[in-house]
Amino acid sequence: SRSRKLFRRFFQNTRGLRSLQTEWIINVDRRGEKMSESPERIVTIFGGSKCVEQDPEYGQARRAGTLLAEAGFTICTGGYLGVMEAASRGAREAGGRVLGIVMNQFKHEPNRFLTDKVATPHFYERLQHLITRSVGFIAIRGGMGTVTELSLVWNKIQTRVIEPRPLVLLGDCWPPVVEQWKRSLAVSDADVATLDFAETAEEAVEIIKAKSQGVVI
């Protein structure tokens, strides 16, 4: 029937969002005990998929994941390798919850450190999941995918599509990149003022903790 078709379509469209469990609900642990009556505080970490354990950005991401989990945040990444794996690993080793937003079109297996994953049908929906429910973001060295994610979040914050929240660029690769954008593109000092820069994972997490306190999702 028509009503059954509409219900099925509604279920398919909302299934991924529900699995994030970020609404005002009572969180329950595996034993069924009440844990909290506040929503999850999710921090999304962006970064490249090509780095390996010996690379500096892998260590940065792993450390950031650990510190965020210890501070009570849920970690969200794109779910695959490189920086995404490192952040997931650090958070999982610290006992944190790790969300992976994966794509049905990708043939790669998600990293093994995820506690939950949300499958999305296309790239834009994946980005929306990574952005809309997060109280803060950390961008670590990557390729054009990372630049795309960073640019979209940055633009949404600038245009007030989402309320202001911390967007931290972690690592020494970012200041010269942003300076070049200012020289070559229509990027102003006011635009850059919405960003935060950090040299270490410790600095990045402290910024997230301080600036995400007033963020309401």
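What you see is a predicted model; the values in this text were computed from it and never measured. (Residues numbered from 1 in each chain as written. Predicted model: local features only at pLDDT ≥ 70, side-chain atom pairs only at ≥ 80, totals over all residues. Heavy atoms only, no water.)

Novice: Give a description of the environment of I42 that names residues and reports values.
Specialist: In this structure, I42 sits in strand β3 (residues 42–46). Since its relative accessible area comes to 2%, I42 is described here as buried. (Helix = DSSP H or I, 4+ residues; strand = E, 2+ residues; numbered from the N terminus. Buried < 20%, exposed > 50% of the residue type's maximum accessible area, 1.4 Å probe, protein only.)

Novice: For the sheet that holds strand β4 (residues 74–77), give the residues involved together with the corresponding values.
Specialist: A sheet is described by the order of its strands in space; here seven strands give the open sequence β6-β5-β4-β3-β7-β8-β9, paired in parallel fashion. Looking at which strands have only one partner, the edges of the open sheet turn out to be β6 (116–120) and β9 (196–198). Taking the axes of each pair of neighbouring strands and ignoring which way they run, one obtains an average angle of 25 degrees across the sheet. Looking at chain direction, strand β8 (residues 167–170) and β9 are connected through three bridges and run parallel. (Pairing = 2+ DSSP bridges. Axes fitted to C-alpha atoms, helices over the stretch in contact; angles between N-to-C directions.)

Novice: So, unusual backbone geometry: which residues are in play, and what are the values?
Specialist: If you check the backbone angles, R160 has positive phi at about 65 degrees while not being a glycine. Residue placement: R160 occurs in the loop between α5 (144–158) and β8.

Novice: Residues and numbers for the pairing of β3, please.
Specialist: Counting buried positions over the five residues of β3 gives five, a clear majority of the element. As paired elements, β3 and β4 share three bridges and run parallel to each other. Its bridge partner being in β4, T44 is matched across the sheet by C76. Considered for its hand, the β-α-β crossover made up of β3, helix α2 (residues 56–70) and β4 is right-handed. Pairing analysis gives five bridges linking β3 to strand β7 (residues 134–140), with the strands arranged parallel. When the sheet's bridge partners are listed, F46 is paired in β7 with A139. (Right-handed = clockwise from strand over helix to strand, strands pointing away.)

Novice: Just give me the short version of empty space enclosed by the protein, but keep the residues and values in it.
Specialist: Any empty space left between the atoms is revealed when a probe the size of a water molecule rolls over them. Inspection of every chain in the model, using the stated rule, returns one cavity of 30 Å³ or more. Approximately 40 Å³ is the volume found for the largest cavity. Lining the largest cavity are I45, F46, G47, T77, G78, M84, L130 and E149. For the lining of the largest cavity, the class distribution of residues is four nonpolar, three polar and one charged. (1 Å grid on protein atoms, 1.4 Å probe; cavity = no way out; pocket = protein on both sides within 12 Å on 5 of 7 lines; lining within 4 Å. Points joined across faces, edges and corners; volume = space filled by probe spheres on them. Nonpolar A, V, L, I, M, F, W, Y, C, P; charged D, E, K, R; others polar.)

Novice: Tell me what's going on with α5, and back it up with residues and numbers.
Specialist: Compared with the 21 Å implied by 1.5 Å per residue over 15 residues, the 20 Å span of α5 between its first and last C-alpha is a close match. Among the residues of α5, those classed as buried are T146, V147, E149, L150, V153, W154, K156 and I157. In this fold, the buried residues of α5 make contact with β3, α4 (123–132), β7, β8, α6 (174–184) and α7 (189–192). Following α5 by one or two positions, R160 adopts a phi angle in the positive range, close to 65 degrees. (Expected span 1.5 Å × (residues − 1). Contact = heavy atoms within 4.5 Å.)

Novice: Could you give me a rundown of the packing of aromatic side chains, with the residues and numbers involved?
Specialist: Counting across every chain of the model gives three aromatic pairs. Each ring, one from F46 and one from F137, has its centre 6.0 Å from the other, and the planes form 5 degrees; the classification is stacked. Within this pair, whereas F46 is found in strand β3, its partner F137 is found in strand β7, the two being separated by 91 residues in sequence. The residues F46 and F137 share a single accessibility class, namely buried. (Phe/Tyr/Trp six-rings, centres within 6.5 Å; stacked < 30°, edge-to-face > 60°.)

Novice: A description of the pattern of salt bridges should follow, citing residues and the corresponding values.
Specialist: Two side chains of opposite charge can pair, provided their charged atoms sit close to one another. Summed over all chains, the structure comprises 12 salt bridges. Ionic pairing is found between R97 and E40, a salt bridge with its closest N-O pair at 2.6 Å. Separated by 57 residues along the polypeptide, R97 in the loop between α3 (83–93) and β5 (98–103) and E40 in the loop between β2 (34–36) and β3 bring together distant segments of the chain. When sorted by exposure, R97 lands in the same class as E40, which is buried. Its salt-bridge partner being E202, residue R63 comes within 2.8 Å of it at the nearest N-O pair. Highlighted residues: R63 in helix α2 and E202 in helix α8 (residues 201–211), separated in sequence by 139 residues. Overall, the relative accessible area of 36% leaves R63 in the partly exposed class. We classify E202 as partly exposed; its relative accessible area is 37%. Three or more residues are tied together by salt bridges with common partners; here these are E53, R62, R89 and E93. (Salt bridge = Lys/Arg side-chain N within 4 Å of Asp/Glu carboxyl O.)

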